[in-house]
Amino acid sequence: MFIAMSMIPAGDLAGKLLTESGAATPVFVAWSRFAIGTALLLPLVSPSAYGLLRDWRIWLRSLLIAGGILSIQTALRTEPIADVFAAFFVGPIISYALSAVFLREKVTPLRTVLMLAGFCGVLLVVRPGFGGSAGLLWAVLAGAFYGAYLTASRWLADRGTPLALIYSQLIVSAVVLAPAGLAALPPLTGSTMVLTVASAGFSMTGNLLLLYAYSRAPASHLAPLVYFQLIAATALGWVAYQDLPDALTWAGLALIIGSGLASAGLRR
């Protein structure tokens, strides 16, 4: 889990290096991530996985993750990676609300209070109208897409194996984003190709390790480790840019991590 939670923000850092330099656009980075991920998983997937593509709900779930990746890459083009990941963690809060409404999952007063505390942490990072950057709104949108994606994933968990489900979202997203991604194809210099492959490779490997971890241990035990992404993103931002969050962002990070860990503890 620690390796997985480090590799996913590392993939996003590679995408940020591409977009902020102008070497590639966010839509190309998002499309190439899905296209390369599809190619990497192709030898591992059973032909039966293609049967999932007949279900419209699989397409909806895939469009949600495509929107999330495109939004987070747009945010990373201008914003520090730690701030983007902090704003992105509005996702679990939205998933909690959507799962209660649509999946009838259990809601408790204490977990609701903890989720509201996490949302206050996100507001401290984004600070809408109070000095926060408009670019972080893309990170919040990415988190909203991801929260809906998490709920859809629980809705469709019995439709196929984890590997088949992740492959279906990769291939659908690659197909849907292909026209815009190919239209924005950048000059294929050495550095662009390395960063493009790194963005897709780190993300794909991190998600595969995540699946492996969840196959070996209860989800309730692993849930707190998801918040290591915030620590890894902060560390990567410092290594790559000597960039550290300001005081309000640190306070927001503490609220997000603290409320998330407490909520995970309640689930256990």
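Residues numbered from 1 in each chain as written. Predicted model: local features only at pLDDT ≥ 70, side-chain atom pairs only at ≥ 80, totals over all residues. Heavy atoms only, no water.

Caption draft 1: Broad picture of the overall build of the chain. When you go through the chain residue by residue, the secondary structure sums to 12 helices and zero strands. Counting from the amino terminus, helix and strand elements in the chain follow one another as α-α-α-α-α-α-α-α-α-α-α-α. Here the C-alpha radius of gyration of the chain, 18 Å, is about what a compact globule of 268 residues would show, namely 18 Å. Structurally, the chain occupies a C-alpha span of about 45 × 45 × 30 Å along its principal axes. Here the chain holds 268 residues, and the buried ones make up 49% of them. Long-range pairs, those at least 24 residues apart, make up 86% of the contacts in the chain with a sequence separation of at least 6. In the chain, the 15 positive side-chain charges and the 9 negative ones have mean positions that sit 12 Å from each other. (Helix = DSSP H or I, 4+ residues; strand = E, 2+ residues; numbered from the N terminus. Rg over C-alpha atoms; globule rule 2.2 N^0.38 Å. Buried < 20%, exposed > 50% of the residue type's maximum accessible area, 1.4 Å probe, protein only. Contact = heavy atoms within 4.5 Å. Lys, Arg positive; Asp, Glu negative; His and termini not counted. Charge placed at Lys NZ, Arg CZ, Asp CG, Glu CD.)

Caption draft 2: Up close: the pattern of salt bridges. For the coordinates displayed, the defined rule picks out four salt bridges. With a shortest N-O distance of 2.8 Å, Arg 57 and Asp 55 are connected by a salt bridge. Asp 55 sits in the buried class, given a relative accessible area of 9%. Among the ionic contacts, a cluster of salt bridges with common partners joins Asp 55, Arg 57 and Arg 159. (Salt bridge = Lys/Arg side-chain N within 4 Å of Asp/Glu carboxyl O.)

Caption draft 3: Examining the nonpolar core more closely. The biggest cluster of nonpolar side chains holds 33 residues, and the ones touching the most others in it are Phe 34, Leu 41 and Leu 177. Counting only elements with at least two residues in this core, the list comes to helix H2 (26-41), helix H3 (56-76), helix H7 (135-155) and helix H8 (162-183). For this core, the element with the most residues is H8, which contributes 10 residues. Dropping the residues within four chain positions of it, Leu 41 is found in contact with Leu 163, Ile 166, Tyr 167, Leu 170, Met 204 and Leu 208. In this structure, Ala 86, Phe 88, Leu 136 and Leu 230 belong to the second largest nonpolar core, which totals 24 residues. (Core = buried A, V, L, I, M, F, W, Y, C linked by side-chain atoms within 4.5 Å.)

Caption draft 4: Local environment of a nonpolar patch on the surface. A cluster of nonpolar residues, Leu 182, Leu 185, Leu 188 and Met 193, forms a patch on the protein surface that exposes about 390 Å² of accessible area. Locating Met 193 in the fold gives a position in helix H9 (residues 190-216). Among the residues examined, Met 193 registers a relative accessible area of 42% and is labelled partly exposed. (Patch = residues over 30% accessible without salt bridge, like charges linked within 9 Å, V, L, I, M, F, W, Y side chains within 5 Å. Areas by Shrake-Rupley, 256 points an atom, 1.4 Å probe, with all protein chains shown as cover.)

Caption draft 5: Structural context of empty space enclosed by the protein. Under the defined criterion, the tally for this structure stands at one cavity of 30 Å³ or more. By volume, the largest cavity amounts to about 70 Å³. Around the largest cavity, the lining residues are Phe 89, Pro 92, Ile 93, Leu 114, Met 115, Gly 118, Tyr 227, Ile 256, Ser 259, Gly 260 and Ser 263. When residues in the lining of the largest cavity are grouped by element, the largest group, four residues, is from helix H12 (residues 247-267). Of the residues belonging to the lining of the largest cavity, the class tally is seven nonpolar, four polar and no charged. (1 Å grid on protein atoms, 1.4 Å probe; cavity = no way out; pocket = protein on both sides within 12 Å on 5 of 7 lines; lining within 4 Å. Points joined across faces, edges and corners; volume = space filled by probe spheres on them. Nonpolar A, V, L, I, M, F, W, Y, C, P; charged D, E, K, R; others polar.)

Caption draft 6: Broad picture of the packing of aromatic side chains. All chains considered together, the criterion is met by nine aromatic pairs. For the pair Phe 85 and Phe 88, a centre-to-centre distance of 6.2 Å together with 65 degrees between the ring planes defines the contact as edge-to-face. Of this pair, Phe 85 and Phe 88 are both found in helix H4 (residues 81-88), three residues apart, which corresponds to roughly one turn of the helix. For the pair shown, Phe 85 and Phe 88 are each scored as buried. Ring geometry for Phe 88 and Tyr 146: centres 5.1 Å apart, planes at 35 degrees, overall tilted. (Phe/Tyr/Trp six-rings, centres within 6.5 Å; stacked < 30°, edge-to-face > 60°.)

Caption draft 7: View of the environment of Ile 231. Tracing the backbone through its elements, the reader meets Ile 231 in helix H11 (residues 228-241). Separated by 85 residues in sequence, Ile 231 and Tyr 146 have C-alpha atoms that sit 19 Å apart.

Caption draft 8: Main features of the packing of helix H5 (residues 91-102) against helix H6 (residues 109-126). Direction vectors running N to C along H5 and H6 enclose 145 degrees, while the axes themselves pass 9 Å from each other. Note on packing geometry: the crossing formed by H5 with H6 is left-handed. In contact with Pro 92, Ile 93 and Tyr 96 of H5, H6 contributes Arg 111, Thr 112, Met 115, Gly 118 and Phe 119. Residue classes in the contact of H5 with H6 are distributed as five nonpolar, two polar and one charged. (Axes fitted to C-alpha atoms, helices over the stretch in contact; angles between N-to-C directions. Left-handed = near helix turned anticlockwise from the far one by under 90°.)

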